[in-house]
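What follows is each chain in one-letter form.
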Amino acid sequence: MLNITRRFSLSKKSKAIIKKHKIKNGGILKIQSWDKISKKVKNEISKKLFSINGFKCTYCERDLVGLTPGIDHLANKAAYPEFTFVPVNLFYSCNYCNSSSVKGQKETINKLSPFYSHCDFKIVHPYYDNPDSEIFYQDIDRIFIDYARCTQKGKNTIDFFNLSSYIMTNIRSRQLILERLNPLLPSDEKKLINETIAYK
Ligand SMILES: [Zn+2]
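Residues numbered from 1 in each chain as written. Predicted model: local features only at pLDDT ≥ 70, side-chain atom pairs only at ≥ 80, totals over all residues. Heavy atoms only, no water.

**Digging into the coordination of the zinc ion**
For the zinc ion, the full set of protein donor atoms is Cys57 (SG), Cys60 (SG), Cys94 (SG) and Cys97 (SG), and the range of their distances to it is 2.3 to 2.4 Å. Angles of 105 to 113° at the metal separate the 4 donor atoms of the zinc ion, which places the site in the tetrahedral class. Written as a sequence motif, the donor arrangement for the zinc ion is C-x2-C-x33-C-x2-C. Within this pair, whereas Cys60 is found in the loop between helix 3 (39–53) and strand 1 (70–73), its partner Cys97 is found in helix 4 (residues 95–98), the two being separated by 37 residues in sequence. The same class applies to Cys60 as to Cys97, namely buried. (Donors = N, O, S within 2.8 Å, 3.2 Å for Na, K, Ca; no water. Tetrahedral: all angles 85-135°; square planar, octahedral: opposite > 155°, others 65-115°. Helix = DSSP H or I, 4+ residues; strand = E, 2+ residues; numbered from the N terminus. Buried < 20%, exposed > 50% of the residue type's maximum accessible area, 1.4 Å probe, protein only.)

Set out below in structure tokens:
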């Protein structure tokens, strides 16, 4: 899991759009709010997430260039629509981690609070926790997970995203080789990213 150390804030314009949407919905956000909100808001979120978090899946760390990533709600928007637009609840995710069989709408909160930052999360939170103090590897290249050394929250996260499975280990090792042997040129990377981060 990536260690996310910076957060973004929404522009006044986007906040106003969300507020208007909320009023229209009787003062609350609903499960459909993300789909219904203007693409301008989602594009702003997408670009800001990219500029501060880079372009990797937050959960499995796979490079998202050339893939079709999504913006995942760590506290899922079906159960917690009130957190739909909370910036620190939003992370880039690959299709695999965000799929219904992996993360989907699974429960990520142990103890709910009306304030997002006061919630107790079941899995490592990429912004509030430091994943590198929860999940440990056997090797310096961070390929093979050392499950026994991980904290309980780290173990929950590994189980949640199947991070120690053969497939995920394989993905980490292949990505490392690719980054070492054939790194993308910054110009190519920028072009590919711009093509994929925009909501159309
Ligand atoms: Zn992933």
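Moving on, there is more to tell.
**Observations regarding unusual backbone geometry**
At Glu61, a position not held by glycine, the phi torsion is positive, near 70°. Relative to the assigned elements, Glu61 resides in the loop between helix 3 and strand 1. With a relative accessible area of 15%, Glu61 lands in the buried category. With a phi angle near 55°, Asn162 is a residue other than glycine that sits in the positive phi range. Relative to the elements of secondary structure, Asn162 occurs in the loop between helix 5 (152–161) and helix 6 (166–181).

**Some details on the environment of Glu107**
With respect to the helices and strands, Glu107 occurs in the loop between helix 4 and strand 3 (109–111). Expressed as a C-alpha distance, the spacing of Glu107 and Phe121, which sit 14 residues apart in the sequence, is 9.2 Å. Once residues lying within four places of it in the same chain are set aside, the contact partners of Glu107 are Tyr80, Lys122 and Phe160. Of the polar contacts made by the side chain of Glu107, one reaches the side chain of Tyr80; its length is 2.6 Å. At 3.0 Å, the side chain of Glu107 and the backbone nitrogen of Ile109 are in polar contact. (Contact = heavy atoms within 4.5 Å. Polar contact = N/O pair within 3.5 Å; in protein donor to acceptor, adjacent residues only side chain to side chain.)

**Here we look at the packing of aromatic side chains**
Taken as a whole, this structure holds 11 aromatic pairs when the rule is applied. Here the aromatic rings of Tyr127 and Tyr128 are separated by 5.5 Å at their centres, their planes lie at 70°, and the arrangement is edge-to-face. Members of the aromatic cluster, joined through ring pairs, are Tyr80, Phe83, Tyr116, Phe121, Tyr127 and Tyr128. Sitting over the face of the ring of Phe160, Lys106 holds its NZ or CZ atom 4.7 Å from the ring centroid. (Phe/Tyr/Trp six-rings, centres within 6.5 Å; stacked < 30°, edge-to-face > 60°. Lys NZ or Arg CZ within 6 Å of the ring centre and 35° of its normal.)

**Some thoughts on helix 3**
A rise of 1.5 Å per residue sets the reference length of helix 3, with its 15 residues, at 21 Å; its end C-alpha atoms lie 20 Å apart and thus fit the reference within 8%. Sitting at the head of helix 3, Ser38 places a side-chain oxygen 3.0 Å from the backbone nitrogen of Lys40. Positive phi shows up at Gly54, right after helix 3, with a value of about 80°. (Expected span 1.5 Å × (residues − 1).)

**Examining helix 5**
For helix 5, the full list of buried residues reads Gly154, Lys155, Thr157, Ile158, Phe160 and Phe161. Those residues of helix 5 that are buried lie in contact with helix 4 and helix 6.

**A closer look at the pattern of salt bridges**
Scanning the model with the defined rule gives 7 salt bridges in all. In this structure, Glu61 engages Arg142 in a salt bridge whose closest nitrogen and oxygen atoms are separated by 3.0 Å. Separated by 81 residues along the polypeptide, Glu61 in the loop between helix 3 and strand 1 and Arg142 in the loop between strand 4 (120–121) and helix 5 bring together distant segments of the chain. Its relative accessible area of 29% is what places Arg142 among the partly exposed residues. In this structure, Arg180 engages Asp141 in a salt bridge whose closest nitrogen and oxygen atoms are separated by 2.8 Å. With Arg180 in helix 6 and Asp141 in the loop between strand 4 and helix 5, this pair connects stretches of sequence that are 39 residues apart. The class for Arg180 is exposed, based on a relative accessible area of 55%. Among the charged side chains, a salt-bridge network with shared partners connects Glu61, Asp132 and Arg142. (Salt bridge = Lys/Arg side-chain N within 4 Å of Asp/Glu carboxyl O.)

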